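# Tertiary structure, described
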Amino acid sequence: MTGGPEPISAEGLRAVQEELAQLRADRGEVAATLRGVEPVGDRADAADELQRASEVTRLDRRIAELEQRLREASIAGAPSTAVVGVGSTVTVRFADGDEETVEVAELAEERELTLVTSDSPLGKALLGRHAGETVHYETPGGATSAVVLSVGRSAG
């Protein structure tokens, strides 16, 4: 990652938007249970109220992170189709001959595409590469390589 605003794939954008919508709904539900300035009952009631307030704070933090990620993605624009970067969809041929399309992402998430994080050995090797280049990286089984067949955007 460059340290600046990073592009986000269409699939990544969809995942962030879905998580953000769910978090906002969860926050609304939890916030609605807070009593505000009314005195609480016994200590158990007070502890429960404090726990719900802490949950609202946690949700607010995550919502702010996702909103910031969306702002950065809008500044960065679409992922490049010429050079591999965060958000790129890359088709590679591994040393064993298998071909696979992967998405280079910031974070591992459960999605349909095979994700490669930008800080993983393969992700680091792919960043900045073009179609036709061979990348070398380490795996738990030892050194290996892959050929970048194409660089593109996620279907979306």
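What comes next is a walk through the structure. This structure is a prediction, so every number in the text was calculated from the model and none was measured.

With that settled, consider the pattern of salt bridges. Under the criterion given, the structure shown has 9 salt bridges. Taking the shortest distance from any N to any O, the salt bridge between Arg62 and Glu19 comes out at 2.9 Å. Note that Arg62 is positioned in helix 2 (residues 43-76) and Glu19 in helix 1 (residues 10-32), a separation of 43 residues in sequence. For Arg24, the salt bridge goes to Glu67, with nearest N and O atoms at 2.5 Å. Here the residue Arg24 occupies a position in helix 1, and Glu67 occupies one in helix 2, the gap between them amounting to 43 residues. For Arg24, a relative accessible area of 43% corresponds to the partly exposed category. What you see here is one network of salt bridges that share partners, running through Glu19, Arg62 and Glu65.

Soluble globular proteins tend to bury their nonpolar side chains together. Judged by nonpolar contacts, the single largest core of 15 residues is most densely connected at Val90, Leu122, Leu126, Val135 and Tyr137. Within the residue set of this core, elements represented by two or more residues are strand 1 (89-94), strand 2 (99-105), helix 3 (121-126), strand 4 (134-139) and strand 5 (142-152). Filtering out sequence-adjacent residues up to four positions away, Val135 remains in contact with Leu122, Ala125, Leu126, Arg129, Thr144, Ser145, Ala146 and Val148. Core analysis: the second largest hydrophobic core is formed by 10 residues, Val16, Leu20, Leu23 and Leu59 among them.

Moving on: helix 2. Spanning 34 residues, helix 2 covers 49 Å between terminal C-alpha atoms, matching the ideal 50 Å at 1.5 Å per step. With its phi angle positive at about 85°, Gly77 sits one or two positions after the end of helix 2.

A word on the side chain of Glu49. Note that Glu49 resides in helix 2. There is a polar contact of 2.5 Å between the side chain of Glu49 and the side chain of Arg52.

Strand order in the open sheet formed by 5 strands is 3-2-1-5-4, and the pairing between neighbours is mixed. Because the sheet does not close on itself, it has two edges, and the strands there are strand 3 (114-117) and strand 4. On average, each strand axis in the sheet is tilted by 45° relative to the strand beside it, whichever way the strands run.

Here the focus is the pairing of strand 2. In this sheet, strand 2 lies alongside strand 1 in antiparallel orientation, the contact comprising 5 bridges. Across the sheet, Thr91 pairs through a bridge with Thr101, a residue of strand 2. The turn joining strand 1 and strand 2, which pair antiparallel and follow one another in sequence, is formed by 4 residues; a positive phi near 95° is taken by Gly97. Two strands pair when backbone bridges link them, and strand 2 and strand 3 are joined in this way by 4 bridges, in the parallel orientation. Its bridge partner being in strand 3, Glu103 is matched across the sheet by Leu115.

So, about the environment of Leu115. In this fold, Leu115 is placed in strand 3. The exposure class assigned to Leu115 is buried, which follows from its relative accessible area of 19%. As for Leu115 and Ala105, which are separated by 10 residues in sequence, their C-alpha atoms are 6.4 Å apart.

Criteria and thresholds
- Residues numbered from 1 in each chain as written.
- Predicted model: local features only at pLDDT ≥ 70, side-chain atom pairs only at ≥ 80, totals over all residues.
- Heavy atoms only, no water.
- Salt bridge = Lys/Arg side-chain N within 4 Å of Asp/Glu carboxyl O.
- Helix = DSSP H or I, 4+ residues; strand = E, 2+ residues; numbered from the N terminus.
- Buried < 20%, exposed > 50% of the residue type's maximum accessible area, 1.4 Å probe, protein only.
- Core = buried A, V, L, I, M, F, W, Y, C linked by side-chain atoms within 4.5 Å.
- Contact = heavy atoms within 4.5 Å.
- Expected span 1.5 Å × (residues − 1).
- Polar contact = N/O pair within 3.5 Å; in protein donor to acceptor, adjacent residues only side chain to side chain.
- Pairing = 2+ DSSP bridges.
- Axes fitted to C-alpha atoms, helices over the stretch in contact; angles between N-to-C directions.

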